[in-house]
Amino acid sequence: MRKAAGKVRITGQLIDAVSGAHIWGDRFERDLTDVFALQDEVTVAVVSAIQPTLFKTEMAMATRRRPENLTAYDLSMRAMQHFIQFNREGLVEAIRLAHRALDLDPRFGFVAGMAGACHAANVTLGYANDPQFERNEAVRLARLALSVDDGDPDTLAWAATVSAYLVGDCESAIEMADRAVALNTNSYNAWHCRGLVYRAAGLPEEAIQSFERALRISPADPGLHTLFVGVAWASIELRRFDEAVVAGKKALRQNSSSPVAYRCLASALAHLGRDAEAREAAARALAVDPAYTISASIARGALSNAKLMIEGLRKAGLPE
């Protein structure tokens, strides 16, 4: 840190102590009168470097370990790797690994919360063979996670999404989501889940602010496609259809097989009167998820407070 002529310059580096590898480096220069803003900026930058790098490293290490040597933590990292893919096959494998971790450690709150979120995703995305069983499992696991540690930001964030989408208790979900970000203001997952909760609660402006905060914290996060889907969805409800198209295309660049991203794109394009493009996006969505219908999606709670999204899906030609 250096000071000169009323200014301060901070140079930071993050080095892997074991390998000596350079992970992150940056320089910040501000007026000394703005020192608190500078402190916040440095904090966010360091967390942005550490969080995705740490998860990627831990997931890679868990993948390399022999199956007979896997601990509950190793299994949770393997499960996370599949969970962030957010597709049918990934969720099946994430649930299998998460339950193996819980067999080894039944009081592992982090993995119980993640497993609950996986079951909830299976229900809302229409992947569940037995929706009622998976709905009950999601709620059971969320409650288990909270009973273990209701002061953990990740646990609160995942439980909040279960409450918003499966229980329909948006008031409780908002309280948990707000508490999660208050406990860790630099948690990508907490802000991401808060965005999902506020979107489901019919508060799209607040949802987008949460997604944008998550993006600033972890701009290279491996699960960004779901964040951009959330931005696209909330933008549709705010009639910002051009912004929804941009966000939908960003989601597809991150994950080209995301049916929800294609559906958001189809809805936004239909509202803009770009009918041919909307029908093409709808066809791509159905190619990935042929069994999709709007009525089934409404019935399972995936389209709560999504009037304009539904209207656009119908205009784009998605089956009723």
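Throughout this description, residue numbers start from 1 for each chain and increase along the sequence as written. The predicted origin of the model limits local features to residues at a pLDDT of at least 70 and limits the giving and counting of side-chain atom pairs to 80 or more, whereas totals for whole chains, interfaces and linings rest on all residues. With hydrogens and water set aside, each side-chain value is computed from the structure's full complement of heavy atoms.

By definition, any uninterrupted DSSP run of H or I lasting at least four residues is a helix, any uninterrupted run of E lasting at least two residues is a strand, and each is numbered from the N terminus. Looking only at helices and strands, the protein chain has 15 helices and three strands in total. A radius of gyration in this sense is built from C-alpha atoms; the matching globule rule multiplies 2.2 Å by the number of residues raised to 0.38. For a compact globule of 320 residues, the expected C-alpha radius of gyration is about 20 Å, and the protein chain comes in at 21 Å, within 12% of that figure. For the C-alpha atoms alone, the extent of the protein chain along its principal axes is close to 65 × 50 × 35 Å. Considering the protein chain as a whole, with its 320 residues, one finds that 50% of them fall into the buried category. Note on definitions: a residue-residue contact is assigned when non-hydrogen atoms from the two residues lie within 4.5 Å. Nonlocal contacts in the protein chain, meaning residues at least 24 apart in sequence, comprise 58% of its contacts between residues at least 6 apart. Accessible areas in this description were obtained via Shrake-Rupley with a 1.4 Å probe; residue shielding takes into account the shown protein chains only. Carbon and sulfur atoms make up 53% of the accessible area of the protein chain, which amounts to about 15100 Å² in all. All tallies of charge rest on Lys and Arg as positive and Asp and Glu as negative; His and the ends of each chain are not included. A single reference atom marks each charge: NZ on Lys, CZ on Arg, CG on Asp, CD on Glu. Positive and negative side-chain charges in the protein chain, numbering 36 and 38 respectively, have mean positions lying 4 Å apart. Type-normalised accessible area, obtained with a 1.4 Å probe on protein chains alone, sets the label of each residue: buried when under 20%, exposed when over 50%, and partly exposed for intermediate values.

In this section: the pairing of strand 3 (residues 22–31). Alignment of strand 2 (residues 7–15) against strand 3, held across nine bridges, turns out to be antiparallel. The partner of Val 8 across the bridge, within strand 3, is Arg 30. Strands are labelled as partners when DSSP assigns at least two bridges between them. Counted along the chain from strand 2 to the antiparallel partner strand 3, the turn is six residues long, and its residue Gly 20 has a positive phi close to 80°.

A few words on the nonpolar core. Among buried residues, the Ala, Val, Leu, Ile, Met, Phe, Trp, Tyr and Cys ones that are joined through side-chain atoms within 4.5 Å form a nonpolar core. In terms of nonpolar packing, the biggest core is built from 97 residues, with Phe 83 and Met 114 touching the most fellow members. In terms of residues, this core owes the most to one element, helix 4 (residues 109–125), which gives eleven residues. Each residue touching Phe 83, except ones within four places of it in the same chain, is listed here: Gly 90, Leu 91, Ala 94, Met 114, Ala 117, Cys 118 and Trp 158. Counting residues in hydrophobic clusters, the runner-up holds six residues, among them Val 8, Phe 28, Val 42 and Ala 45.

Right, let's get into the pairing of strand 2. Of the strand pairs in this sheet, strand 1 (residues 2–4) and strand 2 are connected by three bridges, and their pairing is antiparallel. When the bridges of strand 2 are listed, Arg 2 appears paired with Arg 9. Counting the residues that bridge the hairpin from strand 1 to strand 2 gives two residues, and of these Ala 5 lies at a positive phi of roughly 50°.

Here an angle of 0 to 180 degrees is reported between the N-to-C directions of two axes, which are lines fitted to C-alpha atoms, with helices fitted over the stretch in contact. Contact pair helix 6 (residues 153–167) / helix 8 (residues 188–200): the axes reach a minimum separation of 9 Å and the direction vectors enclose 15°. Classified by the angle their axes make, helix 6 and helix 8 are roughly parallel. Along this stretch, helix 6 crosses helix 8, giving a crossing that reads as left-handed. On helix 8, the residues that touch Asp 154, Ala 157, Trp 158, Ala 160, Thr 161, Ala 164 and Tyr 165 of helix 6 are Asn 189, Ala 190, Cys 193, Leu 196, Val 197, Arg 199 and Ala 200. All residues other than Ala, Val, Leu, Ile, Met, Phe, Trp, Tyr, Cys, Pro, Asp, Glu, Lys and Arg, Gly among them, are scored as polar; the first ten of these are nonpolar and the last four charged. The residue makeup of the contact of helix 6 with helix 8, split by class, is ten nonpolar, two polar and two charged. Under this scheme an angle from 65 to 115 degrees is roughly perpendicular, one under 35 degrees roughly parallel, and one over 145 degrees roughly antiparallel; angles in between are oblique. Each crossing is labelled by how the near helix is turned from the far one, with a counterclockwise turn of less than a right angle marking it left-handed and a clockwise turn marking it right-handed.

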